[in-house]
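# Survey of secondary and tertiary structure
Here are the chains, one letter per residue:
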Amino acid sequence: MMKNPSDAKHPIRTKLISNAFFIFIDWFALSFFSFLYWFIIGKTLLPEEYGIVYVFHNITVIVSSLLPLGTSISLFKLIPEYIHNNQLGKITSSIRFTLKLLTFTTLITSLFIFIFSDTISTLLKIPKILVWLLPVSLFSYAVFSHQASIMQGFQHIRKLAITSAIGQILKVVIAGVLVYANMSFFGPIIGFIASSFILIVIRGGYLFYNKPPVKINIKEIVLKFGVAALLDRMSLLLLTSSASLILAFFYTPEVVGIFGVSMLIGGQLSLVPTIFSFALFPITSLLSSSKRMEKRQSYLINSVFRYTLLITLPIIIFVTLFSGKLITLLSQESYLSGKPLIPILAIGSLLLGISIIFTRSLYAIGKTNVQRKLFILTSVIYVVLSFTLTYMFSALGASIAYAISSFVLFVTSFIYLRKILKFDIPLRSIRKIIVANIVSLGILYVLSNFAPNILIGTLYTILVGMFYLVLLLFLRFYTIDDINLINAVSNHIPIGKNLVNNLIKIISKYAEKS
């Protein structure tokens, strides 16, 4: 186990925990209500209609995420540095410039969509009226995402979590009401667009920072950080969202709908490491200003990697064993043909999530050229594999292409980051996690044969999950740093202090001392 280079109670570590806690709240709200949103669609719409909504949603996410040309992530990177160096006027100038750029690219893209609306409708197999709705959807999604990047730059994670929860609730309510009113696929799409506009209003103050503007280095924002961030975003969107568009090109919306439900289940594994990457990013960026902080950067990345495996490996087991039951829970039996896709998508998502930690750490420490090369390589591999395998094997090919490309990005990003920061993978911890998972897998596999439905299966999983954590205790997986982490997290939770104190006493008896 890599030793902490300084006191585990350092304010930087506390800030990482605080960020992770509120990003987890944001993720929980996003995931829960997103599941509810797609649950309503899966339970009420046919696979073909589900596929139409899924394609519209993904084309919005892909295109709108590219409209800022990477400058949204530039703000996420630069705002903490501006605050640290007391250059608040640069924040105003940067926000204004990026908003103007976003508006310009949106107008150009909208004009293109209107001119080629017939072609787009034919290629994506969606009604033409939805193509005409795309510019509205693109603008609303792009602006509220831009606001989110600004909030993350200020590290206003609590406000981000609260507003995200409000937006997701509104999306579910609007979509549910309109679906109940027999508006078919229009209901979820209108709910998706309307919630984005409402969030723009709620977060409006972040677009109008009031410090006097000063001259900024536009070349740095756009070329150095923007281009690298754009490639980051393009590559991740290719991996996570483009499969539905490629499937729509070769096959019917029904196939897209079946793949969409499988991706909804298996694709969630990337969210856990992504939460940690967002929490870690502004801190790593701040630490990059000093060469003396490389050991602390390595330590934080090492810790995040360890906790990611601790949480996600049991989830992979769960979604694999109960994939069929999860599909029928979230949709209908007509989607069950997507069951074999879920384990492949789950493993690919975990690898992709860890890769995001590595690549964003490279970006945060200023190695944008390395990050750019990795994403170009991965994107080329994915495009070749995705079109080839999707054409040959339909949704199964799309899933395999996703998993292979995620593995390539994982390996290459790890090699480069380890070379730069010289951090070590916590092999001792990984061995203990694997042993605990193998034992727990055997028990859960036996119990799964006696699970008549997903609710009983979930109960078994919770019990086995508790056994998993206790088994790790006897394997001496936990360390003094973990105890400090529990203490720090408990500071954000006003209840259960006595339970936390008793838990700490138990763990302390078995904690690894090194």
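Everything discussed here concerns the structure shown above.
Throughout this description, residue numbers start from 1 for each chain and increase along the sequence as written. Under the rules for a predicted model, residues below a pLDDT of 70 receive no local features and side-chain atom pairs below 80 are neither given nor counted, while totals for whole chains, interfaces and linings still include all residues. Only hydrogens and water are set aside when side-chain values are computed; all heavy atoms of the structure are taken into account.

## Some remarks on the overall build of the protein
Along the protein, the regular secondary structure elements total 19 helices and 0 strands. Out of the 514 residues belonging to the protein, those deemed buried represent 56%. Looking at the protein as shown, the accessible area adds up to about 22,200 Å², and 71% of this sits on carbon and sulfur atoms. Strands are runs of DSSP state E lasting at least two residues, helices are runs of H or I lasting at least four, and both sets are numbered from the N terminus onward. Throughout, exposure labels follow a simple rule: accessible area from a 1.4 Å probe, protein chains only, divided by the maximum for the residue type, with under 20% read as buried, over 50% as exposed, and the rest as partly exposed. Methods summary: accessible areas were calculated by the Shrake-Rupley approach with a probe of 1.4 Å, and residue burial reflects only the protein chains presented.

## A short note on the packing of helix H10 (residues 253-266) against helix H15 (residues 368-421)
Where H10 contacts H15, the axes come no closer than 10 Å and their chain directions differ by 40°. In terms of orientation, H10 and H15 fall into the oblique class. You can see that H10 and H15 cross each other, and the crossing is right-handed. Counted together, Val-255, Phe-259 and Met-263 of H10 and Ser-394, Ala-395, Ala-398, Ser-399 and Tyr-402 of H15 form the full contact between these two elements. Just so you know the grouping, Ala, Val, Leu, Ile, Met, Phe, Trp, Tyr, Cys and Pro go in nonpolar, Asp, Glu, Lys and Arg go in charged, and all remaining residues, Gly too, go in polar. Residue composition of the contact of H10 with H15, by class: 6 nonpolar, 2 polar and no charged. Axis geometry follows a simple rule: fit a line to the C-alpha atoms, using only the stretch in contact for helices, then measure angles between N-to-C directions, giving values from 0 to 180 degrees. Here is the rule for angles: anything less than 35 degrees is roughly parallel, anything more than 145 is roughly antiparallel, 65 through 115 is roughly perpendicular, and the remaining ranges are oblique. Handedness of a crossing follows from how the near helix is turned relative to the far one, being left-handed for an anticlockwise turn of less than a right angle and right-handed for a clockwise one. Contacts are residue-level and defined by heavy atoms, with any inter-residue pair within 4.5 Å sufficient.

## Thoughts on the side chain of Lys-171
Structurally, Lys-171 can be placed in helix H7 (residues 157-180). Setting aside its immediate chain neighbours within four residues, Lys-171 contacts Tyr-37, Gly-191, Phe-192 and Ser-195.

## Considerations on unusual backbone geometry
For residues besides glycine, phi is generally negative; the peptide bonds are generally trans as well. Positive phi, close to 65°, is recorded for Asn-182, a residue that is not glycine. Mapping Asn-182 onto the fold places it in the loop between H7 and helix H8 (186-202). The backbone phi angle of Ser-184 is positive, close to 55°, even though this residue is not glycine. In this structure, Ser-184 sits in the loop between H7 and H8. The class for Ser-184 is partly exposed, based on a relative accessible area of 21%.

## What about the nonpolar core?
Ranked by size, the top nonpolar core spans 130 residues in total, and within it Phe-259 and Phe-358 carry the most contacts. Per element, the largest residue contribution to this core is 14 residues, and it comes from H15. Setting aside residues no more than four positions away along its own chain, Phe-358 makes contact with Ile-301, Phe-305, Phe-410, Ser-413, Phe-414, Leu-417 and Phe-423. Note on terminology: a nonpolar core comprises buried Ala, Val, Leu, Ile, Met, Phe, Trp, Tyr and Cys residues joined through side-chain atoms within 4.5 Å.

## Details of H8
Multiply 1.5 Å by the residue count of a helix minus one, and that product is the helix's expected span. Counted at 1.5 Å a residue, the expected span for H8 with its 17 residues is 24 Å, and the 24 Å between its end C-alpha atoms agrees. Inspection of H8 places Gly-187, Pro-188, Ile-189, Gly-191, Phe-192, Ile-193, Ser-195, Ser-196, Leu-199 and Ile-200 among the buried residues, and these make up the whole buried set.

## A few points about the packing of helix H5 (residues 117-124) against helix H6 (residues 128-154)
For the pair H5 and H6, the least separation of the axes is 9 Å and the interaxial angle reads 115°. With respect to each other, H5 and H6 are oriented roughly perpendicular. Considering the relative orientation of H5 and H6, their crossing is right-handed. Packed against H5, whose contacting residues are Ser-117, Asp-118, Ile-120 and Ser-121, the element H6 presents Lys-128, Val-131 and Trp-132 at the interface. Residues that form the contact of H5 with H6 fall into these classes: 3 nonpolar, 2 polar and 2 charged.

## Points about a nonpolar patch on the surface
Residues enter a patch when their relative accessible area is above 30% and they make no salt bridge; the linking distance is 9 Å between like charges and 5 Å between nonpolar side chains (Val, Leu, Ile, Met, Phe, Trp, Tyr). By convention in these notes, a salt bridge is any Lys or Arg side-chain nitrogen within 4 Å of a carboxyl oxygen on Asp or Glu. Nonpolar side chains collect at one region of the surface, where Leu-111, Phe-112, Ile-115 and Phe-116 lie side by side and expose about 420 Å² of accessible area between them. Inspection of the secondary structure assignment puts Leu-111 in helix H4 (residues 88-115).

## Details of helix H16 (residues 427-448)
The first and last C-alpha atoms of H16 sit 30 Å apart over 22 residues, in line with the 32 Å expected at 1.5 Å per residue. All buried positions along H16 are accounted for by Ser-429, Ile-430, Lys-432, Ile-433, Ala-436, Asn-437, Ser-440, Leu-444 and Ser-448. End-on, the buried residues of H16 take up no more than an arc of 150°, which puts them together on one face. Along H16, the residues that are exposed and aim more than 90 degrees away from the buried face are Leu-427, Arg-431 and Ile-438. Working note: the arc is built from the helix axis to C-beta atom directions.

## Topic: the layout of surface pockets
Its volume calculated, the second largest pocket comes out at about 490 Å³. Only helix H2 (47-66), H4, H5, H6, helix H9 (218-250) and H15 provide two or more residues apiece to the lining of the second largest pocket. The leading source of residues in the lining of the second largest pocket is H9, at 7 residues. Along the lines of polarity and charge, the residues of the lining of the second largest pocket split into 19 nonpolar, 2 polar and no charged. Both cavities and pockets are sets of points on a 1 Å grid over the protein atoms alone; in a cavity a 1.4 Å probe fits but cannot get out, in a pocket the set is open with protein on both sides within 12 Å along at least five of seven lines, and lining residues sit with an atom within 4 Å of a point. Grid points are joined across faces, edges and corners, and a volume is the space filled by probe spheres set on the points.

## A word on the environment of Gly-457
You can see Gly-457 is positioned in helix H17 (residues 454-474). Of the residues examined, Gly-457 reaches a relative accessible area of 0% and is grouped as buried. With 136 residues separating them in the primary sequence, Gly-457 and Leu-321 have C-alpha atoms 9.3 Å apart. If sequence neighbours within four positions are ignored, Gly-457 has contacts with Phe-318, Phe-322 and Ala-451.

## Observations regarding the side chain of His-146
Of note, His-146 is situated in helix H6. For His-146, a relative accessible area of 1% gives the class buried.

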